[in-house]
Amino acid sequence: MSNFDLVLKLLLQLTVILATCRIVSMIGRRYFGQTDVVCEMIAGVMLGPSLFGLLLPDVQQWLFPKAPIVIDAATKIPNPSMSILFAISQIGLVIYMFLIGLEFNTDLIKRRVKSAGLVSGAGILAPFILGAIAALLLYGNGELFKPGITRPAAALYLGASMSITAFPMLARMLYERGIAKTRFGTLALAAGSIDDATAWCLLAIVLASIKGSASIAAFAIGGGFGYVLLMIFVGRPAFTFFARRTKQEKGVTMQTLTLVLVVLMVCAWFTDLVGIYAVFGAFILGTVMPRGEFADQVRHHTEFLTTSFLLPIFFVFSGLNTQIGLVNTPQLWAIALLIILIAIAGKGLACMLAAKLAGESWRESATIGALMNARGLMELIILNIGLEEGVITPTLFTIMVVMAIITTLMASPLVSLLLQGTNYEPVPR
């Protein structure tokens, strides 16, 4: 294909992706009370082989060609059309994870460190242990993990993927309902932020541990640890420059925003280079950036384009790897049901009980459990990483995507039901 042909196909792909995501989001919001995130997850699956490919296989394969281009008997290359979509989706993820880090509120954690630590600890340990046990039991099934993946690596990966919480969705639901600053809301936000930060660090360790050699693993872990220390002790004080410049220029200018994006791309490149993925570097960078007017304006300038244009591409790219038809035996459906039950019990119920132990009412505890149980975008990121790294098969990828959609679908109606007729007093400043 010529460059002109690639551009033509890309424009058509983007048109179909954005239109489908908007239509599904409008229907999901109006009639089912769902958030944009879960609607776009479903839209991505719809555009993949599970629906679009089932109804119009030739059209779907032409628009989103997954088959590699064969050069000769020994050489195959990815389809350039899909490589372009993948690259755009990764840029969107990097910017989005930077924005999530930018919203990471350490004051909330300091204010409710004991309660948040208890809920977050339960939300990490319980699903991790259950996921690891499930991986050990299912390891002998050749349809779930790629050949060459050791039993401990499989257990570590599935445990980590079970521990993820959709923190951005959790925060958005609390802010939309006006309860983010209540006593209960701050606990949910603090626990969710600790949970996600811990899960991403855990993922970095898991990815490093599955590398082919000890030196590669040591390079990944050492590089990641060194990067975090550099950001905390060098980056944090250096980045106060952005806050000062924002104050001097009465806002974030194009030059300032460009410099921020340059720093972001360098950090994403470095963490990808050492083997712990660009999204980790973007998230850590966001956490050490100045807060206040600078952070607010950076979000204002970048959030809409990222969430409305770039992220839907990632959802569709994930949907193209989701093939419901691969779960085609009673045994695989039983495994899927087991994974869903483990996910709900390990995350939702564990966090609910931990919140109750922290002194919350049963209603508030159940709401925290429902919020923490949602996986959303965060789960899709770790699943795509596992698929790309050759840890899991497309079959397990599909099962985990179904789990992510179901747990995320549950969150919004459950929270709405549990919060009916409740009042919360604002947190004292």
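All values reported here derive from a predicted model rather than from experimental measurement. (Residues numbered from 1 in each chain as written. Predicted model: local features only at pLDDT ≥ 70, side-chain atom pairs only at ≥ 80, totals over all residues. Heavy atoms only, no water.)

K.L.:
Which residues make up the overall build of the protein, and what values go with them?
P.N.:
For the protein, the helix and strand inventory stands at 19 helices and two strands. Out of the 429 residues belonging to the protein, those deemed buried represent 55%. In the protein, 79% of the contacts between residues at least 6 apart in sequence involve partners at least 24 apart. With the model as given, the accessible surface of the protein reaches about 18,700 Å², and the carbon-plus-sulfur share is 70%. (Helix = DSSP H or I, 4+ residues; strand = E, 2+ residues; numbered from the N terminus. Buried < 20%, exposed > 50% of the residue type's maximum accessible area, 1.4 Å probe, protein only. Contact = heavy atoms within 4.5 Å. Areas by Shrake-Rupley, 256 points an atom, 1.4 Å probe, with all protein chains shown as cover.)

K.L.:
Could you give an account of empty space enclosed by the protein, naming the residues involved and the relevant values?
P.N.:
One pass over the structure, following the stated rule, counts two cavities of 30 Å³ or more. In this structure, the second largest cavity spans a volume of roughly 30 Å³. Along the walls of the second largest cavity sit Ile95, Phe98, Leu99, Leu257, Val260, Leu261, Leu264, Val298 and Thr302, which together make up its complete lining. The leading source of residues in the lining of the second largest cavity is helix H13 (residues 254-274), at four residues. Of the residues contributing to the lining of the second largest cavity, the split by class is eight nonpolar, one polar and no charged. (1 Å grid on protein atoms, 1.4 Å probe; cavity = no way out; pocket = protein on both sides within 12 Å on 5 of 7 lines; lining within 4 Å. Points joined across faces, edges and corners; volume = space filled by probe spheres on them. Nonpolar A, V, L, I, M, F, W, Y, C, P; charged D, E, K, R; others polar.)

K.L.:
Describe the packing of aromatic side chains, naming the residues involved and giving the relevant values.
P.N.:
Under the defined criterion, the tally for this structure stands at seven aromatic pairs. Here the aromatic rings of Phe242 and Phe294 are separated by 5.5 Å at their centres, their planes lie at 10 degrees, and the arrangement is stacked. Here the residue Phe242 occupies a position in helix H12 (residues 240-248), and Phe294 occupies one in helix H15 (residues 293-320), the gap between them amounting to 52 residues. Overall, the relative accessible area of 3% leaves Phe242 in the buried class. Taken together, the aromatic side chains of Phe239, Phe241, Phe242 and Phe294 make up a single cluster linked through ring pairs. (Phe/Tyr/Trp six-rings, centres within 6.5 Å; stacked < 30°, edge-to-face > 60°.)

K.L.:
I'd like a description of H15, backed by residues and values.
P.N.:
Compared with an ideal rise of 1.5 Å per residue, which puts 28 residues at 40 Å, H15 spans 39 Å between its outermost C-alpha atoms and is within 8% of the ideal. If you look at H15, its biggest bend is around 45 degrees, right at Thr306. (Expected span 1.5 Å × (residues − 1). Bend = angle between axes of the 7 residues up to and from the residue.)

K.L.:
Please set out a nonpolar patch on the surface residue by residue, giving values where relevant.
P.N.:
A cluster of nonpolar residues, Met46, Leu51, Leu54, Leu55, Leu56 and Val59, forms a patch on the protein surface that exposes about 550 Å² of accessible area. Structurally, Met46 can be placed in helix H2 (residues 36-47). (Patch = residues over 30% accessible without salt bridge, like charges linked within 9 Å, V, L, I, M, F, W, Y side chains within 5 Å. Salt bridge = Lys/Arg side-chain N within 4 Å of Asp/Glu carboxyl O.)

K.L.:
Explain the packing of helix H1 (residues 3-32) against H15 residue by residue, including any values.
P.N.:
At a closest axis distance of 9 Å, the pairing of H1 and H15 adopts a crossing angle of 95 degrees. Regarding the angle of H1 to H15, the classification is roughly perpendicular. Residue-level contacts link Leu14, Ile17, Leu18 and Cys21 of H1 to Ser308, Phe309, Pro312, Ile313 and Val316 of H15. Counted by class, the contact of H1 with H15 contains eight nonpolar, one polar and no charged residues. (Axes fitted to C-alpha atoms, helices over the stretch in contact; angles between N-to-C directions. Parallel < 35°, antiparallel > 145°, perpendicular 65-115°, else oblique.)

K.L.:
Now, about the environment of Ile313: what can you tell me, with residues and values included?
P.N.:
As for its placement among the helices and strands, Ile313 is situated in helix H15. Taking the C-alpha atoms as reference points, Ile313 and Gln90, separated by 223 residues in sequence, lie 9.1 Å from one another.

K.L.:
I'd love a proper account of the environment of Tyr96, names of residues and values included.
P.N.:
Relative to the helices and strands, Tyr96 resides in helix H5 (residues 80-102). Distance in space between the C-alpha atoms of Tyr96 and Thr302 is 8.8 Å, their sequence separation being 206 residues.

K.L.:
I'd like a rundown of the side chain of Thr367, residues and numbers included.
P.N.:
Relative to the elements of secondary structure, Thr367 occurs in helix H17 (residues 362-373). For Thr367, a relative accessible area of 0% translates into the label buried. Apart from the residues lying within four places of it in its own chain, the contact partners of Thr367 are Phe184, Val415, Leu418 and Leu419.

K.L.:
Any chance you could break down the side chain of Ser120 for me, citing the residues and the numbers?
P.N.:
Here Ser120 is to be found in helix H7 (residues 113-138). Those residues in contact with Ser120 that lie beyond four places of it in its chain are Ala191, Ile194 and Asp195.

K.L.:
Report on the confidence of the model for the protein, specifying residues and quantitative values.
P.N.:
One rule of thumb: low pLDDT means the predicted coordinates there are not for detailed reading. Within the protein, residue pLDDT values average 85, and 90% of them lie at 70 or more. For residues 424-429, every residue scores under 50 in pLDDT, and the model assigns this stretch 15 contacts once sequence neighbours within four places are set aside. (pLDDT = per-residue confidence, 0-100.)

K.L.:
Just give me the short version of the pattern of salt bridges, but keep the residues and values in it.
P.N.:
Applying the stated criterion across every chain, the model contains four salt bridges. Note that Arg245 and Glu249 form a salt bridge whose closest N and O atoms lie 3.3 Å from each other. One salt bridge in this structure joins Arg299 and Asp296, with 2.6 Å as the shortest N-O distance. In this pair, Arg299 and Asp296 both sit in helix H15, three residues apart, roughly one turn of the helix. Of the residues examined, Arg299 reaches a relative accessible area of 16% and is grouped as buried. Residue classification places Asp296 among the partly exposed positions, given a relative accessible area of 44%.

K.L.:
Tell me about the nonpolar core, and name the residues and values.
P.N.:
Counting 140 residues, the largest nonpolar core has Phe98 and Leu285 as its most contacted members. At twelve residues, the largest contribution of residues to this core is made by H5. The contact partners of Phe98, leaving out residues within four places of it in the chain, are Val260, Leu264, Ala282, Phe283, Leu285, Gly286, Met289 and Val298. (Core = buried A, V, L, I, M, F, W, Y, C linked by side-chain atoms within 4.5 Å.)

K.L.:
Tell me about the environment of Lys347, and name the residues and values.
P.N.:
Relative to the helices and strands, Lys347 resides in helix H16 (residues 330-357). Here the alpha-carbon distance between Lys347 and Ile164, two residues 183 residues apart in the chain, equals 8.9 Å. The contact partners of Lys347, leaving out residues within four places of it in the chain, are Gly123, Pro127, Met162, Ser163, Ile164, Thr165, Asp195, Ile342, Met372, Asn373 and Arg375.

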